[in-house]
Amino acid sequence: MNHEDFMKEAIKLSLENMRAGKWGPFGAVVVKDGEIVGRGANNVTSLNDPTAHAEVSAIRDACKNLGTFQLEWCTIYTSCEPCPMCLWAIYRARPEAMYYANSKEDAAAINFDDQFIYEELERKLEERKLPIYKLDNTEAIKVFQERSDKNDKITY
C-alpha cells in the first residue's frame, strides 16, 4: 500500500461513520511498517465525548494495539487537517509524519470551524472567552517535586 491507499482508508472510515449516523465526517489511520495499526472515526456525538475525534481515536487504537504511548516509526493519515486538540495529540504521539486530505478551510465551509480555538490560543489567559483562574499550588507543586525526584520515572 502507498500514501494514497492509506488516505483512501481514512476517507472510507469518515464516509462509513457519517453514513452510520455518527455525523462527524472524519476518519484517520495510523500506519507502521506498511500496515494499519490504528483506526479512528469521529464519534463525538455518538459517544457523548468531545475528545472522540478521528485522530485521537486512531492514536488511542494504535497505542493500545502496539502496547506503547508513543507512535515513533508511525505515520498518521487523516481525512481532514486536524483541529488544535488533535494536532496536539499527534505531536504528543510523536509520529514520523502526518498526511491530510481536506483543509481546515474545507471543514469550516461545512460548519466544522475551529478558527475560534486558534484565535483563543493566541490570546493571553485573562483575555480568553472562558474564564480561567489560577489557584494556590502549594500542594500541587509537591507532587511535581516528588515526581522530579523519582529515579524510576518514565519520560515522555
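Preceding this section is the structure that the text describes.
Residues numbered from 1 in each chain as written. Predicted model: local features only at pLDDT ≥ 70, side-chain atom pairs only at ≥ 80, totals over all residues. Heavy atoms only, no water.

**A few points about the nonpolar core**
What counts is decided by this rule: To form a nonpolar core, buried Ala, Val, Leu, Ile, Met, Phe, Trp, Tyr and Cys residues must be joined to one another through side-chain atoms within 4.5 Å. Categorising residues by exposure relies on relative accessible area from a 1.4 Å probe, with only protein chains included: less than 20% of the type maximum marks a residue as buried, more than 50% marks it as exposed, and the intermediate range marks it as partly exposed. The helix count covers DSSP runs of H or I at least four residues long, the strand count covers runs of E at least two residues long, and both are numbered beginning at the N terminus. Whether two residues touch is decided by their heavy atoms; if any such pair falls within 4.5 Å, the residues are in contact.
Counting residues in hydrophobic clusters, the biggest one holds 20 residues, and the most contacted among them are V30, I59, A62, L71 and I76. Those elements giving two or more residues to this core turn out to be β1 (27-32), α3 (54-66), β3 (74-80) and α4 (84-93). At six residues, the largest contribution of residues to this core is made by α3. Aside from chain neighbours lying at most four places away, what touches V30 is E35, I36, V37, G38, A58, I59, A62, L71, C74, T75 and I76.

**Some remarks on the environment of A10**
Here A10 shows up in helix α1 (residues 3-22). Distance in space between the C-alpha atoms of A10 and V30 is 9.2 Å, their sequence separation being 20 residues.

**Quick word on the sheet that holds β3**
Filter applied, for reference: When DSSP finds two or more bridges between a pair of strands, those strands are recorded as paired. To define axes, lines are fitted to C-alpha atoms, for helices over the stretch in contact only, and angles between the resulting N-to-C directions are given on a 0 to 180 degree scale.
Spatially, β2-β1-β3-β4 is the arrangement adopted by the four strands of the open sheet, whose pairing is mixed. Sheet topology places β2 (35-41) and β4 (97-102) at the edges, where each strand pairs with a single neighbour. Strand after strand, the sheet turns through a mean of 15° between neighbouring axes, direction not considered. Where β1 and β3 come together, five bridges link them in antiparallel fashion.

Nothing here speaks to function; it is all geometry.
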